[in-house]
Every structure is written in C-alpha cells, then in structure tokens.
Amino acid sequence: MRNNCLINRRTYLRGLGATLALPLLETMGWAESPSQKTFKPPVRLGFMFMPHGVIMDQFWPTNPESFLTAPPPCLESLRGVLDQCLMMKGITGVNPAPFNGAPHALELSTWLTATLPNANRRNTVDIAISADQIAANYVGALTALPSLELATMPQTHKENQEGLHEAYYSHCSFSSPTQALPAETNPRTALKRLFQKQDVKPETRTTADPLERSMLDLVLGGARDLRGKLGQTDRHKLDEYLGSVRSLERRIAAIELRQAEAAKAAAGVTSTKRSGSDSVPIEVIIPEGDRRSDYMRVMCDLTVLAFQTDTTRVSTYIGSTPNGVSYPELGFSDEHHSQTHHNNEPVKVDKISKITSFNISQFAYMIKRMQELREGDGTLLDNCIMMWGSGLEDGNTHTRANLPFIIAGRGGGSINTGRYVASSSGNQGDLLSTLLTCAGIPLDRPIGIATKQLTEIMTNA
Amino acid sequence: MSPLFERNQLSYPCFASSRSGASLVRGGLAVMVRLLVMGRFLVGVVFGADPELAAANAEARKSYDEKIVPFVETYCSSCHGEKKRKGGVSFQYALRSPGSPAFRKLWRDSAFNVKGEEMPPEEAQKQPSAEERKVFEDCVSGLKFLSPKDPGSFVIRRLTKIEYANTLHDLFGVDPEIARELPDEVAGAGYLNSLSPLLMEQCLTIANDVLHQIVSVEGAPPTPFEQQLFGDPPAAGTDMEPAARKAARLLARRAYRRPPSEAELDVLLQVFALARDHGQSYAGALRLMLKAVLVSPQFLFITPCGETAPEAEIVPLDDYQLASRLSYLLWATMPDPELSNLADEGKLHDPAVLSAQVRRLLGDPRSRALFDGFGAQWLGLDKLAAKTFEGEKFPQMTPAMRRAMYDEARLFFESLIHENRSLITFIDCDYSFLNETLATIYGLEKTVTGPEMRKVQLTDPNRGGILAMPGILATNSFPNRTSPVKRGVWVLEEVLGQQVPPAPPNVPALEKQDKQTVATLTMRQRTELHRTDPVCANCHKILDPIGFGLENFDAIGRWRDQDESGGAIDPAGELPGKLRFGSPSELKRIIAARADDLCRNLTEKMLAYALCRPLEGYDEIVVDQLTATIARDGYRMQTLITEIITSYPFTHRRTKE
C-alpha cells in the first residue's frame, strides 16, 4: 500500500451541505412504487471477498444449536450480531476443470459469476456478467452511482496460469462477459467519487458545469461518427467508451437531480417520505499510515455511508486479492498464500486462522455499524444483504465443496437470519440467484451454474 | 488430486458429452480438429499469398495429423488428457485447436520436456525413441505454420495512466501528477486496455483540473496558453466561427496526434456553439471545447487517421498511428515535433527513416520509459517497492535502498541500450551502478560513497548481471529468507522463457517434513528432499540447481558463505546436458551460453509489450525471423528494439476479427 493513497488529514462529511444531509430520505429512488403508501427503504446488496479459504474447523459452526451461543473461533468478532447472520454449509463452487492449475484465478473471477472463463478464449477476458453488475443494471439508474467497486490492493497482478488472462486474478466484477470492472483502491478518491467532495485544495473545487452533460452528448455523437469509420475490432473497443460516457451522463443527471432535491429541501420544502428518526450520515475519517486494518475499516465505512445515503445500492469490496498480501500487524510477515498450503502444520494453520478472523472482523465492523444506524422502522442492516466469503473452502487443497460465506442483514425482511443451516445443498449460482431475488432483482436467466433458488435462505420458506 | 474434483468432473455436463470414446482424438474429435485446422489454413491461402508460407502450412497440417496426434495419444494422454491432468497439464483442448495461441506455451514446453527426456517420466511404461522425440520436437515447432500471415489487430488503444499523464504534460505543461488518482494498470502481454465508467469519470475530473490550471476564469485576462492557442478574440459583431475553427484545428492536431477530419472539427464547433448559446464569451466557449477534446476518444485512444476501407483485412499503420505507437512505446508520451513532422510528410513508414527515429528516441532521456514500463516489469523490479521484508531481519530494506536497487537495474538496462551492447551482457557483465546505500549490499561501502548512482567496475566474478543483482534476488525471496525455488523459476521463466507449471495441489511443502529431522539441515538439504518425491522431481531437478547456485546471495542479495542454519553453502550443481558448475559465476556462464533462448525470450516479451497484446500464431514466425537477425548482429540491444519496431506486426494491423 502506498502511503500517498492515504491523505494525512481528517475528512469530514459532516456539514457538507444538503447533498449529503438528506440523501437517503427521498428523491427518485424512493418513488419507485407510487401505489405504496408507506415508505419502504430499498434493499442494498454488498459483497466482501477474502481469498484462499478458511481453516474448516475454525470456521464452520459445530451445530445449528450452538451457532448463536458458542460460535467457532473465526466468527468471534460477529458475536452480538449473529442473530443478524445466516450461514449455510453445502454450497459448492464452480468445478474448476479444465482450469485446475489456476485455482486462484478462478476463486475470484467465478465468485460473483458462478461461471468458468471461456476455455477457448482464455487469454482474453471472456466470462459472464457478475451478480453485482446484474443488480446494478436493475437498480443502478436510481442512485448517483450504479454500483461501488472497492479493493484493498491495486489490481495489477500478472500471472497467466492455464493461459488465463491476468485480469482474472484481481477482478470479480464484470459489467459484461468481456469487461472486467476496475475497483477503486484509494479511499480518498472513492470518497470524492461518491460525494463529489474534494477534501484538499478547496480553491480548486469546481461546481458541476451545467453544460457538461450537453457537451458530453455532442462528444458522444462525434464518437459514433468515428465508430462508423473504424474497423470491426476497433468498434468493440469504442463501444466500451460509448457505454462509459453514457453511464457518466446518467450519473451527472442523477447528481443534478439530487442537487435540485437538496435545494428544495433547503428551501423548506420537506419530503413526506422523510423519516425523522433516521440517523445522520456517519463520519468517515481517512487514516494516516498504512495499517491494513485502518485501510479496510475506512473502505467499510465508505460502503456504510454509500448505503446509508443511498448513493448506491450495490457494492463489492475485494478485501484482499489472491496474491502477495501479508498481514504484518498480526505479528508475522508471511504472504497469505504461502501459509495456505499448510498441510495441517499447526503454526501455519494458526496463521491462516488469524488472517481469516482478521478479515471477518472487518466485515463484522461494517455489519455492526450498519446495525447502529436507524432507518425507517428498523436499522440500515435490516435493509441490507451483505455477503462475506472466500472463493475456496480449503486453501491447502484448493477445494470448494462447501463455499465459506456469511450472509448478514435481513434484506428488507426477505432473509431469515440467526441460523446455521448445517447441510444445505446447492451451488454458488443458486446462492447468487437467490440473494438477488431477495434483493428484489428480477432475473431473466439463472446466474452461471444455478439450477434453483435456495428457498431455505428466505423467510417464507 | 482430491476425490472431490474427480467426482465433480464426472458429473460435469460439458465433459459427459465429449467423453464417449476411450481415445481422446480419434473418431469424431479428430475430424473436428482437421476442420478447425482447415479453416485456419484456408484463411491463410486467401490473403497470405505467400507460396512458401502456404507450403509450410500444408506441411504443418500433415505432420500434426500424422506425427503429433499419435505421439500425444501414445505417450501423453493417459496422464495429461481428459481424465487426468497431472501437474495441471492437459492436451484435451490443445488437440482441438492446435494452432490456437492459447496453447502455444503448452506445445513449446511439451517439446522442451520431451527433448530433455523430462517427459514421459522415467517410470512411464512406454518411452519414445530418440528419433520419435526429435520428430515430435520438430513438428511442434512447425505448428506455428498453421497460422496465416497476420499482423494481429491493433485495436485502438487507450493511453495508459502514465502515457495519459505525460501527454497532458507535453500538451499543457501541467504536472503529470495530475493523473495520480487513475487506477494503476496491468501492462504487457494481455494488456487490459479497457475503459470503465469509473475511468471516464476520473478523466472528466482531471480535464476539469487541467482547465483550472491552464485557463483563466471568465473575465480575467487570458493565460499564456490561451493567448497561444485561442488567439485574439474576433472583434465584436463579427462571425466567431472561423477563428474558433482555427483554434479547434490547432488544438485537435496536437491532442489527437493527427490531423482532425472536418467532421471531427464540426463536433468541436458544436460544443463551441453550445457554450455561445448559453451566453459564454469566445474564450469561455473555447474552454468548453478544450474540455470536450480531453474527453474525446480521439484524445484518450490512439486512433487511425482517415477511414479504413471496409474490404481491407490488413492495412499498414498510417504514419500518424505509427508515430504514436513508436513514441508511446519508447517515451510513454505523444510524438514530439520531429516525429509529427515526419508523419505529416508521410516519411515515417520508410524503414530507414523509422530506424533512425528509433535510435534518436533511444538516445533521449525520455526513453527511460522503456525501462519503467517494460524493463522493470520483466525483471520484477516493479514489485520491489511494495514487497514486505521482515523488518527485524532486514532493516536495510529502507525506501532509499529499494530505490537504489530499482535504479541499479534501470541504469544497467539503459546502459545496454545506450552502449548498444549484446544482450548476453544481461547475464555476463563486470560492472553495475551503485551508490553508498546499495554499496553496503555489495560490501563496497568503503569505495563507493555519496548518494548518487554511478558506474562501478566489479572485480568479483560472482557479481554482475541480472542473476546476481540485489533487487532481483530480493524480489525473488520470501520476506524472511531466500527461496531457491522462486529464483530458479524466475531464471527459467523470465530469463530463458521456459514455462514452469504451477506446483500441483497438495504440494508437500518444505516445512511439512518432520521439524526435528530438518532442523539441522541446510536450506539446500531440506529443499533437496523435494526431489526425492517423483511428483516434484521433474521440475525441481532443473529449478533447484539454479536456485542453489544463487544461495550465496541472501534474501536481499548480500554475499554469504553460510545459510541461516549455519551450514556451509554449497552452490555446486548440474543442469540437464551434464552442465556442471561450482559457483554463481560458473552458473552465469552456463546461462549466458544459452544466448539464443535469452534472445528469443526477450524478443517475445518486448514484442508483446510493443504490440500490447499476447503473441499469437503468426507472431512466432516473426519472432523466429527477428531472433535470427538479432543473433547475426551479435545480439545487440538497439538491433533488437529496431527489429521489433520495424517488424511486420508493429507496422501493420488486421482490421477484422
């Protein structure tokens, strides 16, 4: 982690003005169903990833009965919110063949796609749209940012096992089968992007140019002309550009609408949907130094704030990538991967267990923050579906018979939490399909290898 | 392999359909293979128009069917087929499309392993004769002829973060740091070259930042930049369009790095009119136009000049595109006036002119971009700044030390280019670049003082060259100790260009061995236990001797005679072909003798970097030609770079998929 990512100053979101002070409470997203009299907050969907699997007997609860009262060691940090969590054992990952030699490219790239890369075009990105992006396509237009992608490490790993493209080692969000979405690794940039807020150099702060959107329209028109003059292969590349500019236009439009609403509110026009008991937006402090826990925590804060302010409803956080990560603050400098092939040697097992606990504790921090925030009649967490997980079960053998994951949040009442389902049966695609359904995202086809909905996740099962 | 994989594999629907026949390729599949190969072949005939190539293609097709397929079926498929994938290696897909670039490495490595009698393994029942081995190797090397003559596509390429920042600097004089918030990117083979909404948004923000720095606010007197580019505002009441069009043409020629078309100017003029309609002044409207330029695809991408004829499948790069491709490769920034003028004059595609420009660009300090972009990546130095070292054990690894290590490699790389040395110098060399910080690693702190890096003659034959360079040794170590295996893999893969398969799942790690029995062993003795296990032995008997040969260098590259356990280090070893060595310097000599492998590897890596794509079928034929030419010229670095830049795939592009 480079130090310059972390600007050494406290960053306040407080007092930023109306843009932030009201976000969640009203505006377009909330008017989705005019017939609905009582205001119902939207469901938000969040994913957080850790590579290399877990130590099974430290992660899986002993039995459903003791889940709440005597959780396994790695879940210790979730004590107190386990009643908001759901765990299931028996959800299998995508079969890696014919990519058996590239377990770490697959664990991340298949995590939200439940699909294998195209074996005939393995040296390019060709997989499937990921679950978070399916959700973003549906709910993204309702918020200033369609989705938020965060990562702790720069996504620049270079490895091509089984001839697979290196993007598979560091990306889990794909906006189309051929486009891997980069994640933001700098919290300051993420903050700025979320809230159009510059915490430095106030004199350079620019207000939104009212002509920017019309200008982009003209540029887009010119780009279409250019497209007509290009060869076939170039056109695909330019399509990415066109899509990105359109998404930028949409985003500017959403921000403009937000600002208009905020101005109205500032002028005393109150919204009927506003709930007086909602918590005020949390404060995000960008830390000094490069402690991994501080860094991950601020990324979690950003997710909480983005959800709380309804700036986005979909987030994906690659808490750690499968390569080169070490955890000096846990008292050892070994790289995560080097310890996963532990062959049950106690020292290494202990290190992996510590790394897992560490990652889960960051997730627990995020969940607890969400639970502290009031929203409507309940908490922010009540309206979220947060999934923490790894792409392998056992990093030692690269197996994934039981994908390790934790779901937290009741998804607006759709998810039956406080349970451990010890013998479930289904796959990664089933899981993702079910979570999206719980979030109210209609699916026109199963996600990846899915064959069914996992009804035991849901409250009405 | 765990039982789970076996079970899943059997029930995996994709596999069920293709596993009907016991033999992998005969029958239905063999027909499919032939059809695929035919398809490639026909394309070659259509636009290759090269009888020699067509003959080679037919020959490759014949030898594939008659020699390679039976060989793989007889000796390989039982372990590397559909059911078993030992070491993660399988020919299942490769047999379906042998000419596919995805399997190029697999074929090459298999030929290498068969030739070196690494494969089939000793315990296999069936062993090919020496004759069969030779035939297999030759046929595999002919597989490249299954590909038609094809420069590959040069998909319009987005500027990388660094290129974008440098270009903004060259255009407007702004600090390249202005783009620091863009995400870092993956470069080289398989370059991502994608554009996401996030990136687009950041580009717009940066465009606003640039504007803020170089133009005045409404009403204020114009900045020098505005005076130069916008000219004097037309008198009130006159038509502003001619002046605005003139400014647009000037701006677009520079920012698009080619002359804009009239249609492209029209778009910019529309932006100008938009701002005017909203009551902005002449200067204000030009400012919006400037912002439009900075988010236009013509600025963000390297785009061709003019239209591509719809029926043309392969076209030469136009001179403007060539100027950009060259300039971004060697300087990571836009073409300078001299290159732009040559493009305007239509002279750049002349090989003599192009070669002269290559030499000119390499002589300029900006050519350090080739090291920062390519060299550092090739040598792994790009990872050094962020690599973890155990602080208590290696307090020397300060930021200053890491910088010095990086600069050592950079100056060394650059010296080979500037002095036009043989690339063998990478391995076998008696000088390096040190300052006082780095000199402590070499034990030369008495003679080298002061913070500046300077050329130092080395007297110790074990030192010198990339195999003994501290930054590289450190990159290929663990945070707390050396890794003979990592170092061995690095030499094989990055120096000699040979693929090393990943360790199989369930790999028995060093430390698995009973603590008490290994406690007294040296690193070498412990690692050698690897080689008693046949699963590991195949790879490790090549990797380990190289890694052990470098064990005299500790995890940060200092010389030592004993390792951590206190045992004496024994660097002696033997490589296939009965090549024995007793010290790092002797090991270097053996590696340096493989000049052709080194040359081919560096050519391939740099060509892929230059083309911004992985190499494909026909490229291998190009690499053959380049390697031969470079070898004839004494493996000199400038020849290597010039050959790549004047090569067919660098100067041409395919326009269709």
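Residues numbered from 1 in each chain as written. Chains lettered and ligands numbered in written order. Predicted model: local features only at pLDDT ≥ 70, side-chain atom pairs only at ≥ 80, totals over all residues.

**Details of the overall build of chain B**
Thinking step 1. Scanning chain B for helices and strands turns up 29 helices and 8 strands.
Thinking step 2. For chain B, the proportion of its 657 residues judged to be buried stands at 47%.
Thinking step 3. Taking as baseline every contact in chain B between residues at least 6 positions apart, the subset at least 24 positions apart corresponds to 67%. (Helix = DSSP H or I, 4+ residues; strand = E, 2+ residues; numbered from the N terminus. Buried ≥ 20, exposed ≤ 12 C-beta atoms within 10 Å, placed from the backbone. Contact = placed C-beta atoms within 7 Å.)

**Topic: the nonpolar core**
Thinking step 1. Within the largest apolar cluster, 152 residues are counted, with the highest numbers of intra-cluster contacts made by B:Val271, B:Leu286, B:Met289, B:Ala292 and B:Val293.
Thinking step 2. It is helix 12 (residues 282-294) of chain B that provides the largest number of residues to this core, a total of 10 residues.
Thinking step 3. Apart from the residues lying within four places of it in its own chain, the contact partners of B:Ala292 are A:Met215, A:Leu218, A:Val219, B:Leu268 and B:Val271.
Thinking step 4. Within the second largest apolar cluster, 109 residues are counted, among which are A:Ala102, A:Ala144, A:Leu431 and A:Ile441. (Core = buried A, V, L, I, M, F, W, Y, C linked by C-beta atoms within 7 Å.)

**Examining helix 12 of chain B**
Thinking step 1. For helix 12 of chain B, which comprises 13 residues, the first-to-last C-alpha distance of 19 Å matches the rise-based estimate of 18 Å (1.5 Å per residue) to within 8%.
Thinking step 2. Of all the 13 residues making up helix 12 of chain B, 13 are buried; the element is thus mostly covered by neighbouring parts of the structure. (Expected span 1.5 Å × (residues − 1).)

**Here we look at the pairing of strand 2 (residues 85-88) of chain A**
All names here are of chain A.
Thinking step 1. Every second residue of strand 2 is oriented toward a common face, with Cys85 and Met87 on one face and Leu86 and Met88 on the other, all of them buried.
Thinking step 2. Looking at chain direction, strand 2 and strand 11 (residues 405-408) are connected through 3 bridges and run antiparallel. Looking at strand 11, one finds that Leu86 is bridged to Ile407.
Thinking step 3. Relative to strand 12 (residues 419-421), strand 2 runs parallel, the two being bridged by 3 bridges. Each bridged residue has a counterpart across the sheet, and for Met88 the counterpart in strand 12 is Val421. (Pairing = 2+ DSSP bridges.)

**Thoughts on the pairing of strand 4 (residues 431-434) of chain B**
Residue and element names in this part refer to chain B.
Thinking step 1. Here strand 4 shows one buried face, formed by Ser432 and Leu434, and one open face, formed by Tyr431 and Phe433.
Thinking step 2. Where strand 4 and strand 5 (residues 454-457) come together, 4 bridges link them in antiparallel fashion. Paired with Leu434 across the strands is Arg454, a residue of strand 5.

**Quick notes on the confidence of the model for chain B**
Residue and element names in this part refer to chain B.
Thinking step 1. With 85% of its residues at a pLDDT of 70 or more, chain B shows a mean pLDDT of 83.
Thinking step 2. Taken together, the stretch residues 1-48 has pLDDT below 50 and engages in 61 contacts with residues farther than four places along the chain or on a different chain.
Thinking step 3. Contacts from residues 511-515, a stretch scored under 50 in pLDDT, to residues over four places away or in other chains number 6 contacts. (pLDDT = per-residue confidence, 0-100.)

**Some points on the sheet that holds strand 12 of chain A**
Residues and elements named next belong to chain A.
Thinking step 1. If you trace the 7 strands from one edge of the open sheet to the other, you get 4-7-1-10-11-2-12, paired in mixed fashion. Both edges of this open sheet fall to strand 4 (148-151) and strand 12, since each of them pairs with a single strand only. Taken pair by pair, the neighbouring strands of this sheet meet at an average axis angle of 15 degrees, ignoring direction. (Axes fitted to C-alpha atoms, helices over the stretch in contact; angles between N-to-C directions.)

**What about the confidence of the model for chain A?**
Residue and element names in this part refer to chain A.
Thinking step 1. The pLDDT averaged across chain A works out to 81; a share of 83% of its residues lies at or above 70.
Thinking step 2. For the stretch residues 1-37, pLDDT sits under 50, and the model shows 71 contacts to residues farther than four places along the chain or on other chains.
Thinking step 3. Low pLDDT (under 50) marks residues 197-207, which in the prediction has 15 contacts with non-local residues, meaning those over four places away or in another chain.

**Remarks on the environment of B:Arg257**
Residues and elements named next belong to chain B.
Thinking step 1. Mapping Arg257 onto the fold places it in the loop between helix 10 (241-255) and helix 11 (262-277).
Thinking step 2. Arg257 sits 300 residues away from Gly557 along the chain, and the two C-alpha atoms are 45 Å apart.
Thinking step 3. Those residues within four positions of Arg257 in sequence are excluded, and the remaining contacts are Tyr320, Ser324, Met334 and Pro335.

**A few points about the domain arrangement of chain B**
Quite often, the size of an interface is put as the accessible area lost when its parts meet.
Residues and elements named next belong to chain B.
Thinking step 1. Segmenting chain B into domains produces domain 1 (20-146), domain 2 (157-302), domain 3 (314-367) and domain 4 (371-592).
Thinking step 2. A C-alpha centroid distance of 23 Å is found between domain 2 and domain 3.
Thinking step 3. If one sorts the elements of the side of domain 2 that touches domain 3 by residue count, helix 7 (residues 161-172) sits on top with 5 residues. (Domains from an automatic or database assignment.)

**Concerning helix 4 (residues 51-75) of chain B**
Residue and element names in this part refer to chain B.
Thinking step 1. Helix length check: helix 4, at 25 residues, gives a terminal C-alpha distance of 34 Å against a target of 36 Å (1.5 Å per residue), a fit within 8%.
Thinking step 2. A maximum bend of about 40 degrees is found in helix 4 at Tyr64.
Thinking step 3. When we look at burial in helix 4, the residues that qualify are Asn57, Ala60, Arg61, Tyr64, Ile68, Val69, Phe71, Val72 and Tyr75. (Bend = angle between axes of the 7 residues up to and from the residue.)

**Here's the deal with the packing of helix 11 of chain B against helix 12 of chain B**
Residue and element names in this part refer to chain B.
Thinking step 1. Across the interface, helix 11 lies against helix 12 with an axial gap of 8 Å and an inter-helix angle of 140 degrees. Classified by the angle their axes make, helix 11 and helix 12 are oblique. Where helix 11 crosses over helix 12, the handedness of that crossing is right-handed. Residues Leu268, Val271, Phe272, Ala275 and Arg276 of helix 11 lie in contact with helix 12, whose contacting residues are Gly284, Ala285, Leu286, Leu288, Met289, Ala292 and Val293.
Thinking step 2. Of the residues assigned to the contact of helix 11 with helix 12, the class counts are 10 nonpolar, 1 polar and 1 charged. (Parallel < 35°, antiparallel > 145°, perpendicular 65-115°, else oblique. Left-handed = near helix turned anticlockwise from the far one by under 90°. Nonpolar A, V, L, I, M, F, W, Y, C, P; charged D, E, K, R; others polar.)

**As for the environment of B:Val315**
All names here are of chain B.
Thinking step 1. Of note, Val315 is situated in strand 3 (residues 314-316).
Thinking step 2. Among the residues examined, Val315 registers 17 C-beta atoms within 10 Å and is labelled partly exposed.
Thinking step 3. With 338 residues separating them along the chain, Val315 and Arg653 place their C-alpha atoms 5.6 Å apart.

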